[in-house]
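If you want the building blocks of each chain, they are given just below.
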Amino acid sequence: GQINLKSPQDIQVYVVNTNFTLRWNYTGNDTDVTFSAEYQWVESFETNGTEWKELPGCQKVTCMECDFSSAITKYCDEHHVRVRAERGEEVSPWSSIFVMVPYSIAQIGPPGLKLQSTNGVIKIKVSPPEANQVQKMWIDETSFKYNLVFWENSSNAEFRSLSIFPNDIIDDLAPHTTYCFKVQATLYLDTQEGLFSPIHCIKTTRKVSDPFCATNVSILALNMKFHLHWNNQYKQYVSYNVQYLLGYLKAYYEDYSEKWLNVPGCENITDTQCNFSSVINIDGFYYLRVQAMNEYNKSCLSNEVKVDPLRINEIGPPGVKVDISDVLLHIQISPPGGPENKAMRDHYDLSYWILYWKHSSNNEEEVKMKAIKQTIGTVSGLTPSTLYCVKVQAFSQAYNKSSHYSKEECIKTHGDKILPLIIIATFVTALVAVLLVATPLIFALYQAYNKIKYVFFPSCQPPLNIEGFGGQLLSSPYLSTTEEPIENCSIIETIIMEEVNQTGFKDYEHSKQSSRDSGNYSNDDDTSGSKTSVGTLEKEIV
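Residues numbered from 1 in each chain as written. Predicted model: local features only at pLDDT ≥ 70, side-chain atom pairs only at ≥ 80, totals over all residues. Heavy atoms only, no water.

- The name an unreviewed UniProt entry gives the protein is Interferon alpha/beta receptor 1, with Phalacrocorax carbo as the organism.

**Section: the state of the cysteines**
- For the structure shown, the criterion picks out five disulfides.
- Across the disulfide, Cys389 is cross-linked to Cys410 (sulfur-sulfur distance 1.9 Å). Taking the sign of the torsion about the S-S bond as the criterion, the disulfide between Cys389 and Cys410, at about 100°, is right-handed. With Cys389 in strand β31 (residues 387-396) and Cys410 in strand β33 (residues 409-412), this pair connects stretches of sequence that are 21 residues apart.
- Each bonded cysteine in the protein gets a number by its place in the sequence, and the pairs come out as 1-2, 3-4, 5-8, 6-7, 9-10.
- Looking at the unpaired Cys63, the closest cysteine sulfur is the one in Cys66, lying at 7.6 Å. (Disulfide = S-S within 2.5 Å. Helix = DSSP H or I, 4+ residues; strand = E, 2+ residues; numbered from the N terminus.)

**Quick look at the confidence of the model for the protein**
- Averaged over all residues, the pLDDT of the protein is 82; the fraction at 70 or higher stands at 81%.
- Counting contacts from residues 469-485, a segment whose pLDDT is below 50, to residues more than four positions away or on other chains yields 13 contacts.
- Scored below 50 in pLDDT, residues 493-542 shows 33 contacts in the model against residues more than four places distant or in partner chains. (pLDDT = per-residue confidence, 0-100. Contact = heavy atoms within 4.5 Å.)

**Points about the pattern of salt bridges**
- The tally for this structure, following the rule as stated, stands at eleven salt bridges.
- Among the ionic pairs, Arg84 bridges to Glu86, the shortest N-O distance being 3.2 Å.
- Linked by salt bridges that have partners in common, Lys60, Arg84 and Glu86 make up one network. (Salt bridge = Lys/Arg side-chain N within 4 Å of Asp/Glu carboxyl O.)

**Some details on the packing of aromatic side chains**
- On inspection of all chains with the given rule, the structure shows 18 aromatic pairs.
- With a centroid separation of 6.3 Å and an interplanar angle of 80°, the aromatic rings of Tyr146 and Tyr253 are classed as edge-to-face. Of this pair, Tyr146 sits in strand β12 (residues 144-152) while Tyr253 is found in the loop between β20 (238-246) and β21 (261-262), placing the two residues 107 residues apart along the sequence.
- For the ring pair Trp353 and Phe395, a centre distance of 5.5 Å and an interplane angle of 20° mean the geometry is stacked. Highlighted residues: Trp353 in strand β28 (residues 351-358) and Phe395 in strand β31, separated in sequence by 42 residues.
- Look at Trp353 and you get partly exposed, because its relative accessible area is 29%.
- A network of ring pairs unites the aromatic residues Phe20, Phe68 and Tyr75 as a single cluster. (Phe/Tyr/Trp six-rings, centres within 6.5 Å; stacked < 30°, edge-to-face > 60°. Buried < 20%, exposed > 50% of the residue type's maximum accessible area, 1.4 Å probe, protein only.)

**Examining the pairing of strand β1 (residues 9-16)**
- Pairing between β1 and strand β2 (residues 19-25): six bridges, direction antiparallel. The residue bridging Gln12 from the neighbouring strand is Arg23, located in β2.
- Linking β1 to β2, which pair antiparallel, is a turn of two residues; within it Asn17 sits at a positive phi near 55°.
- Bridge analysis of β1 against strand β9 (residues 106-107) gives two bridges, and the strand direction is parallel. Across the sheet, Val16 pairs through a bridge with Gln107, a residue of β9. (Pairing = 2+ DSSP bridges.)

**A word on the sheet that holds strand β18 (residues 215-222)**
- If you trace the three strands from one edge of the open sheet to the other, you get β18-β19-β22, paired in antiparallel fashion. Unpaired on one side and paired on the other, β18 and β22 (273-275) mark the two borders of the sheet. Put simply, the sheet's adjacent strands are angled 15° from each other on average, direction ignored. (Axes fitted to C-alpha atoms, helices over the stretch in contact; angles between N-to-C directions.)

**Side note on the environment of Val126**
- Take Val126: it is sitting in strand β11 (residues 121-127).
- On the accessibility criterion, Val126 (2% relative accessible area) is buried.
- For the pair Val126 and Ile164, spaced 38 residues apart in sequence, the C-alpha separation works out to 9.3 Å.
- Beyond its immediate sequence surroundings of up to four residues, Val126 is in contact with Pro111, Gly112, Leu113, Tyr146, Ile164, Pro166, Val183 and Tyr253.

**Thoughts on a nonpolar patch on the surface**
- There is a patch of nonpolar side chains on the surface, built from Ile424, Phe427, Val428, Leu431, Val432, Leu435, Leu436 and Val437 and spanning about 800 Å² of accessible area.
- The residue Leu436 is located in helix α4 (residues 418-456) in this model.
- Note on Leu436: relative accessible area 63%, which makes it exposed. (Patch = residues over 30% accessible without salt bridge, like charges linked within 9 Å, V, L, I, M, F, W, Y side chains within 5 Å. Areas by Shrake-Rupley, 256 points an atom, 1.4 Å probe, with all protein chains shown as cover.)

**What to know about the environment of Tyr287**
- If you trace the backbone, Tyr287 turns up in strand β23 (residues 286-294).
- A relative accessible area of 7% places Tyr287 in the buried class.
- Each C-alpha atom, one on Tyr287 and one on Val305, is 5.6 Å from the other, the two residues being 18 residues apart in sequence.

Have a look at this one:
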């Protein structure tokens, strides 16, 4: 019952595409030892696995590795593997369990590579790592990206690396030179790098260029308006067709040479430029080329240029309007391309740098900068009666792009309103002070005026029944009185007057004297009284 065989150690599983290899180490010195393995499958979201089963391809093997590719079909489920040593009826304890999820540990195998040398360029055709296989670890073959490494077949070779499509062309190569190539598949989202293909070498040829071919093909794009430009050095008649290819077609492994389309409005033209904005969708990418045709209907294709709209497009300067309020400088910005250009506004997430400064003969005036996200901005802290200038730059942080600055716009701030306010406040304060001082003074003068009027021009007069009371004239107790001038009257005597009683005349004279004395109080009463006395006297005389 004693166990003499040791257990295998360092259990490892290597997975390339759908090829599974189990490897281990054995430290025992025993001879005639074989090894067998078992596996257990744990279904997704389950905690307990199935029963242990013999691992196909790994039973009673004499070497320390085995291939069990046919046993695994669930590449995203967990699997357990163990190994033991055997000699006749004698067996070792099971090794430690190796736990694996095939997809997580799988390595991308080498892709296929075919080369063709023609007219100075190398045409490359890449096949996916699991081409023509029924069982596949990598379901979506279009998700692969391919990294090509090539070099001159010489002792001092310099390695160059390019990202390529399954069907691609390598140009800018020296003629009559042997180049070697190898390619590697990668999964960008999973950050997995595969194995390189075997090395293939091929010799280039000399490129033959027709003189009427379009050269120096380039793209000028501003505010989502796309123009293709090229050069023509041919002196004879030549016409052009501008063609485009939807970029995603190059990600497929099929031949796309028949899927090029003509750009509307750029067919059979003689100009060396074309506006191809009508075929551009912001969310895609494209390839363009120019097909030239001479007077003998012989055609020539230019090099292809890639169009990634949001990356090659340049941002134009924004529009700017400025206005002044009492304390703020208002800046209104029009997005590059105008407010109707939704692509510029929606895709670039534009921000704006506002530069403003005092415009003066002193060139050392400080230029201030302000960043905003909106198309309306304000600047405070302005100096009155000063000319301010503004210019604005649009930029997209996501695409690391910026526009040229807009045209300068200048405006003068309003005059200083503090001085008029100070003057008004001073005037109001002085007016209040004058009123505070003048009011008591006017009141005092008014009281003095009333006293003087009362003393010198009394308004009250004594009644008639106290005129001549006690033979003393009523007057001011403070001032001496002067006799008021009275009217001198004379009586015309007639014969009848001689018969007047002398005693009555004396009484009349006495009454007349009393009336004269009372004239100090009222001239009107005196006159009235005199008239009455004279009337009475005449009656008595008669």
